[in-house]
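A structural walkthrough
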Amino acid sequence: MAGFKIADFAGMSTALSPKVLKANIATHAENCEVGDGRLSAMKAPAAVSPNPLHSSPDTIYEYTPNKWFEFSTDVDVARIPNAFDDTNKVAYTGNVYPRITRDDLALSNGQMPLDSFRLGLPAPTTTLTVTVTGTAVADALDDYRSYIYTWVDAWGEESAPGAASALANVKEGQSAVLALPTKPSGDYNFGTGAFRRIYRSNTGTEATEFQFVADVDINASTYTDSVLDAGLGEVIPTINWVRPPDDVTADFPTGQMLGITTLPSGALVGFSGKTLVYSEAYIPYAYPLAYRYTIKDDIVGISTNSQGLVIATTGKPHLAMGHDPSSVSIIELDEFQACVSKRSVVDMGESTIYASPDGLVLVQGNQTTIITEPVFTREQWQALNPEQIHAYRYEGKYVGFTDSTGFIFDPRSTEQAWVYTTIDAACGHYVARNDALYIADGSQLKKWGEGTALSYTWTSKIFESPRPINLGAIQVGAQGSVQVKIYGDGALRATVNITNDFTGRLPAGYLASEWQVTLSGTADVDYVKLATSIKELQTVE
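Thresholds, definitions, all that
Residues numbered from 1 in each chain as written. Predicted model: local features only at pLDDT ≥ 70, side-chain atom pairs only at ≥ 80, totals over all residues. Heavy atoms only, no water. Helix = DSSP H or I, 4+ residues; strand = E, 2+ residues; numbered from the N terminus. Rg over C-alpha atoms; globule rule 2.2 N^0.38 Å. Buried < 20%, exposed > 50% of the residue type's maximum accessible area, 1.4 Å probe, protein only. Contact = heavy atoms within 4.5 Å. Areas by Shrake-Rupley, 256 points an atom, 1.4 Å probe, with all protein chains shown as cover. Lys, Arg positive; Asp, Glu negative; His and termini not counted. Charge placed at Lys NZ, Arg CZ, Asp CG, Glu CD. Pairing = 2+ DSSP bridges. Salt bridge = Lys/Arg side-chain N within 4 Å of Asp/Glu carboxyl O.

1. Describing the overall build of the protein chain
Along the backbone of the protein chain there are three helices and 46 strands. Against the compact-globule benchmark of 24 Å for 541 residues, the protein chain has a radius of gyration of 32 Å, which places it well outside the compact range. Considered along the principal axes of its C-alpha atoms, the protein chain spans approximately 125 × 50 × 35 Å. Sorting the 541 residues of the protein chain into buried and exposed places 53% on the buried side. Looking at the protein chain alone, contacts between residues at least 24 apart form 59% of all its contacts between residues at least 6 apart. Accessible area of the protein chain: about 22,700 Å², with a carbon and sulfur share of 48%. In the protein chain, the 38 positive side-chain charges and the 61 negative ones have mean positions that sit 8 Å from each other.

Okay, here's the thing in structure tokens:
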């Protein structure tokens, strides 16, 4: 070997011996941009000004352009689709119980969201008491009926009904006086415009359908029903409209619904314990029991795709095929790759990536692949503390962070796959409207890739010569400043500081058979050549 050349710079691998790597694969790469053939410096994130953050959050979310939600816990936010609603309603989970908010509640000059309500309403727990008043007309027929009611909040969201009242015989000429229970306490939207909705049976049996009677102010204590049968309205639509799992453990022992996201069908979906929980399409507060799908392992995170959902669990991953909540098919994938971090689950478009005990797992279609196998052994991966990973999609890459490091992984290429970064972030959020990634560095919001160039480090594989030699010449194709360190048999033999293209001599007086190069700086580097002499540089390709 008269020398060697490094070009077409790629990412790093420690899974294999540094002696058997391809010439362009690094043993360590940090703050590098690779993939286009040259080695370049990553740009630091740039501080957003004015800074919209008021805390050091664990979750950020752009609610409307340049208006940011910030949370101290791991929170998921889902847009509520409604063509006729211009109030920007969103639902979110992970903050004690599922919540809903909109412009007039959420926006403020301080930390947002300013306020919210519980998502979904409880069914009434007290049945109506019915008293028959008035005098029936002569020969009036019996008219046995029972009543139910629902809560309707100020935004028109309606609960499931409570139990039916006892049958009352209300004949022609008589009226039914209903004693109305007080409204429930709690963080519900029961302000101005909220009411009870009264329904009654229409065939004299408790098994019948119930039809609309009247809307009654939520603070009223009685209501007198004198509506004729012919005047009854629609059949109650909310019989099965259960609220989402929340913090009432007596009702939901597996805990509040988490991971809420919006489906193309207009439904929302989240999970609690082992169960997927779907809403009615375009009705974000109604989660029928018939739309719940239970699998055998605890769900850790979910991600949407064109076919439905990828479900990352404590055991095998699953697919939920279909966007219609009433006809979802659950498929278990035949691969034991548990998810170790909910925040590592990232929708990459037509695929999903999450962290497992063995590496990053890519789920595409019904196939699973450990895509970091060429980069790390299992033991090396475990040393990264994958249970700490929180990650985000950006330009087709998986940008992740742990408590001690950051990294960028490109699933489209094993060679340009993994690069570390010194950038730190507590959380991040990808914004589709301007194709930008934002991160929170403490209490400062920053935009990815918009700052000054970071100093990179790129360390090559170990090149071997069949006999000890002296590499006495170097040639570098570069634009900018870069430092090149040459190691022979593990010892630093030369340090060369270069600005732009350079050809020069290296120190003599030693021989070595194992060679390694470290580049550091901000220059764009096209290639590095090392040879025994200036003349030999011309033959190194």
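2. Structural notes on the sheet that holds strand β28 (residues 346-347)
Strand order in this open sheet of four strands is β28-β29-β30-β31, and the pairing throughout is antiparallel. Of all strands in the sheet, those bounded by a partner on one side alone are β28 and β31 (367-370). Judged from the four bridges that link them, strand β30 (residues 360-364) and β31 form a sheet pairing that is antiparallel. Counterpart to Val361 in the pairing with β31 is Ile370.

3. Some remarks on the pattern of salt bridges
Two side chains bearing opposite charge may form a pair once their charged atoms approach each other closely. One pass over the structure, following the stated rule, counts 29 salt bridges. Across the salt bridge formed by Arg38 and Asp524, the nearest N and O atoms sit 3.2 Å from each other. Remark: Asp524 occurs in strand β46 (residues 524-531) and Arg38 occurs in the loop between β3 (32-33) and β4 (40-41); sequence separation between them is 486 residues. Given the relative accessible area of 25%, Arg38 is considered partly exposed. The partly exposed category is assigned to Asp524, whose relative accessible area is 25%. Its salt-bridge partner being Arg145, residue Asp225 comes within 3.4 Å of it at the nearest N-O pair. In this pair, Asp225 sits in strand β19 (residues 222-225) while Arg145 sits in strand β13 (residues 144-145), placing the two residues 80 residues apart along the sequence. Accessibility expressed as a relative area gives 0% for Asp225, which makes it buried. Taken together, the salt bridges that share partners define one network made up of Arg118, Arg243, Asp246, Asp247 and Asp251.

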